[in-house]
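A structural walkthrough
Residue strings, one per chain:
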Amino acid sequence: MQEKAILIDEKDNVATALCQLEKGDSVPVGVEDRSVSIALSQDIPFGHKFALTDIQQGEAVIKYGEAIGLATKQIRQGEHVHVHNVESQKGRGDKR
Amino acid sequence: MKFVGYRRSNGKVGIRNHVLIFPTIVCAAEVARMISNEVPGTVYAIHGCGCGHVGEDKEQVIRTMVGFVGHPNVAGVLLVGNGCELITPEVIAGELAKVGQRMETISVQEAGGTTGCVTEGKRLAERLLTEASDVDRESVDVSELILGLECGGSDAFSGLTANPALGIASDLLIAEGGSAIFSETTEMLGTEQVLAKRAANAEVEKRIYEIIAAAEGKAKSMGVDIRGSQPSPGNIAGGLTSIEEKSLGCIRKGGSTTIMQVVKYAEQPTKKGLTIMDGTALDVMNNIGLLASGAQIIVFTTGRGTPVGTPIAPVIKVSSNSVTYNKMKDNIDINAGVIVDGQGSLRTVGEQIFNEIVEVASGKLTKAEILGHREFDIHSLGPVL
């Protein structure tokens, strides 16, 4: 059966959509033998990420088991996670 | 675990048994090709280097040529020069003698022009081929394998399927005592801390930061800020949020083991395990650098698809998605897209890649080899003066 989403590392707080996912979908996300069901509060395009847990403002967004940026606002479980609510911490000459 | 390979007199192990016709200067390139065409069963490599190199560039071009033609996948090499170049066959031969490579040299000027050189070169190539054909494969431990890791034409799936599956294969080989080299420094921007955490010691950690900073510095010196366009609008539309995320996908092919060493382009590691080669983003140049660094085999992940091979070493292609695999089946050996299709997991595809590495090392041909892909290029630093 085709999976709808993939979790790369057990430490991750986001999963990636493997197909177009719709608001209201309940998406099972499995890693090894565990599986959690995430209710989506927004449409998630193919290849995009959604939150597996609530992520507080300033908290790291984790993918591949590593921080890929910090949340610029609170992100709820099931929300789309992307450039509108995550900020890169690398190459920020403006912040030095 | 064992495979069957060619044990060379210097102790190194090859997985192919090529006779290579190699021009040390672009001016002898066509003559080298003509000689190779006259002797089926030989391979050749064409490039644009050999004269006008100075300083670090000269060192890098010579290091690449020596590593490539002295490679254990090469049973014997005919070095073809013109006669007045900076990097003559004798320059390379002097270095090769140290590694005990079987070689012959010839130059166009001394052999009396194209026809004379092709005639004499043909005789030498035939002799090398006769000798090479007498070498047998023998049982060798997989710990003798050095795997080159490469990716190109990446897409949204690369960091999810093909690269992490290759990382698992790399971990499996290293667990067996083998080695792997990963590269493409440009695609490590933003992952410095992640890679540094895996460094074997403080020196390796320092070098990781240095090479990534230098790659960034080069882009800036050209008036280009790589990170201003990374991730690209296309990447963002595809769901990549930050440069960290994109680079993290790229470095997944390096697996999870300790980074033992950082080497220059085409420099050979002295330690087993995982090495970073400070390479370029251009796949063909980077492939040749990986071979010159000692890799006998390359696994190349691709999202969009790519046909390239190398003249002397097999390249196993792994597609990140099934659309590309189905479109380019003639070119691609393994489809990691099955992970997305629910037909496999990272673990099963990782094991499949590892098993394919061992089989290809023992003689199974890759699609790139069957199609005759022999792309070659040297990462010259320039300027050519």
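Just so you know, the residues in each chain are numbered from 1, in the order the chain's sequence is written. Written order decides the labels, with chains lettered from A and ligands numbered from 1. Local features in this predicted model are restricted to residues whose pLDDT is 70 or higher, and side-chain atom pairs enter the listing and the counts only when it is 80 or higher, whereas totals over whole chains, interfaces and linings include all residues.

This part covers the overall build of chain B. Strands are runs of DSSP state E lasting at least two residues, helices are runs of H or I lasting at least four, and both sets are numbered from the N terminus onward. Assigned secondary structure in chain B consists of 14 helices and 14 strands. Here chain B has a C-alpha radius of gyration of 21 Å; the compact-globule value for 385 residues is 21 Å, and the two agree. The principal-axis extent of the C-alpha atoms belonging to chain B is close to 60 × 45 × 40 Å. Partly exposed residues are those whose C-beta has more than 12 but fewer than 20 other C-beta atoms within 10 Å; 20 or more makes a residue buried and 12 or fewer makes it exposed, with C-beta atoms placed from the backbone. For chain B, the residues scored as buried account for 58% of the 385 residues in total. Each residue is represented by a C-beta atom placed from its backbone, and any two residues with such atoms within 7 Å are regarded as in contact. Within chain B, contacts between residues separated by at least 24 positions form 72% of all contacts whose residues are at least 6 apart in sequence. Computation of the radius of gyration draws on C-alpha atoms alone. For the globule rule, the value is 2.2 Å times the number of residues to the power 0.38.

Quick look at the interface of chain A and chain B now. Contact with chain A, which involves 23 residues of that partner, is made by 19 residues of chain B. Polar here means any residue outside two lists: the nonpolar Ala, Val, Leu, Ile, Met, Phe, Trp, Tyr, Cys and Pro, and the charged Asp, Glu, Lys and Arg; Gly therefore counts as polar. Of the residues belonging to the side of chain A that touches chain B, the class tally is 10 nonpolar, eight polar and five charged.

All names here are of chain A. Note: two strands are recorded as paired if DSSP finds a minimum of 2 bridges between them. Pairing in this open sheet of four strands is antiparallel, and the strands run β1-β2-β5-β8 from one edge to the other. Each of the sheet's edge strands pairs with one partner strand only, and the pair in question is β1 (5–6) and β8 (80–81). Taken together, the two bridges between β1 and strand β2 (residues 14–17) define a ladder with antiparallel strand orientation. Directly across from Ala-5, in β2, lies its bridge partner Ala-17.

What follows concerns the confidence of the model for chain A. Overall, the prediction assigns chain A a mean pLDDT of 88, with 89% of residues at 70 or greater. Residue-level confidence of the predictor, termed pLDDT, takes values from 0 up to 100. Taken element by element, chain A is modelled with least confidence in strand β3 (residues 26–31) of chain A, mean pLDDT 86, and with most confidence in β8 of chain A, mean pLDDT 97.

Our next topic: the packing of helix α2 (residues 55–69) of chain B against helix α10 (residues 283–292) of chain B. For any two helices packed against each other, one specifies the crossing angle of their axes together with the interaxial distance. Residue and element names in this part refer to chain B. Whenever a helix is involved, its axis is fitted only over the stretch in contact; in every case the axis is a line through C-alpha atoms, and angles between N-to-C directions fall within 0 to 180 degrees. At a minimum axis separation of 8 Å, α2 and α10 run at an interaxial angle of 65 degrees. Between α2 and α10, the crossing angle belongs to the class labelled roughly perpendicular. The way α2 lies across α10 gives a crossing that is left-handed. The segment α2 lies against α10, with Arg-63, Thr-64, Gly-67 and Phe-68 engaging Ile-288, Gly-289, Leu-291 and Ala-292. When grouped by side-chain class, the residues that make up the contact of α2 with α10 number four nonpolar, three polar and one charged. These descriptions rest on fixed angle ranges, namely under 35 degrees for roughly parallel, over 145 for roughly antiparallel, 65 to 115 for roughly perpendicular, and the rest for oblique. We call a crossing left-handed when the near helix sits turned anticlockwise from the far one by less than a right angle, and right-handed when that turn is clockwise.

Now for the pairing of strand β13 (residues 315–319) of chain B. Residues and elements named next belong to chain B. The buried fraction of β13 amounts to five of the five residues, a majority that puts the element mostly inside the structure. With burial as the criterion, each face of β13 is covered, one bearing Val-315, Lys-317 and Ser-319 and the other bearing Ile-316 and Val-318. Note that strand β12 (residues 297–302) and β13 share five bridges and pair parallel. Paired with Val-299 across the strands is Ile-316, a residue of β13.

The phi torsion of most residues other than glycine is negative, and most of the peptide bonds are trans. Residues and elements named next belong to chain B. Residue Pro-383 is bonded to the preceding Gly-382 through a cis peptide linkage, with omega at -5 degrees. On the secondary structure map, Pro-383 appears in the segment after α14 (367–371). A positive phi angle, close to 70 degrees, is found at Ala-266, a residue other than glycine. Positionally, Ala-266 belongs in the loop between β10 (259–264) and β11 (273–278). With 28 C-beta atoms packed within 10 Å, Ala-266 lands in the buried category.

Before going further, it helps to spend a moment on α10 of chain B. Residue and element names in this part refer to chain B. Summarising burial for α10: nine of the 10 residues are buried, a large majority. Along α10, the residues that are buried comprise Asp-283, Met-285, Asn-286, Asn-287, Ile-288, Gly-289, Leu-290, Leu-291 and Ala-292. Next to the buried residues of α10 lie α2, β8 (146–152), β9 (179–182), β11, β12 and β13. Backbone geometry just downstream of α10 places Gly-294 in the positive-phi region, at approximately 115 degrees.

Residues and elements named next belong to chain B. Taken together, three strands build an open sheet; the order of strands is β2-β1-β7 and the sheet is antiparallel. Of all the strands in the sheet, just β2 (13–14) and β7 (138–141) have a single pairing partner and so form its edges. In terms of strand pairing, strand β1 (residues 2–7) meets β2 through two bridges, oriented antiparallel. In the strand pairing of β2, Arg-7 is matched with Val-13.

What follows covers helix α4 (residues 113–132) of chain B. Residues and elements named next belong to chain B. With 20 residues, α4 extends 28 Å from end C-alpha to end C-alpha; this agrees with the ideal 28 Å at 1.5 Å per step. Buried within α4 are the following residues: Cys-117, Val-118, Gly-121, Leu-124, Ala-125, Leu-128 and Leu-129. In a view along the axis of α4, the buried residues occupy a sector of 140 degrees, so they form one face of it. Opposite the buried face of α4, at more than 90 degrees from it, the exposed residues are Thr-115 and Thr-130. The span one expects for a helix is its residue count, reduced by one, times 1.5 Å. Taken from the helix axis, the directions to the C-beta atoms give the arc we talk about.

Another aspect to go through is the packing of helix α5 (residues 162–175) of chain B against helix α13 (residues 346–361) of chain B. All names here are of chain B. Contact pair α5 / α13: the axes reach a minimum separation of 7 Å and the direction vectors enclose 55 degrees. In terms of orientation, α5 lies oblique with respect to α13. Crossing angle aside, the handedness with which α5 passes α13 is right-handed. On the side of α5, the interface is formed by Pro-164, Ala-165, Leu-166, Ile-168, Ala-169, Leu-172 and Leu-173, while α13 contributes Leu-346, Arg-347, Val-349, Gly-350, Ile-353, Phe-354 and Ile-357. For the contact of α5 with α13, the per-class residue count stands at 12 nonpolar, one polar and one charged.

All names here are of chain B. An automatic or database domain assignment supplies the start and end points of every domain. For chain B, the domain assignment lists domain 1 (18–132) and domain 2 (140–371). Computed from C-alpha atoms alone, the centre-to-centre distance between domain 1 and domain 2 is 29 Å. Each side of the interface is counted separately: domain 1 has 14 residues, and domain 2 has 13 residues. For the side of domain 1 that touches domain 2, the secondary structure elements donating two or more residues are β3 (18–23), β4 (42–44) and α2.

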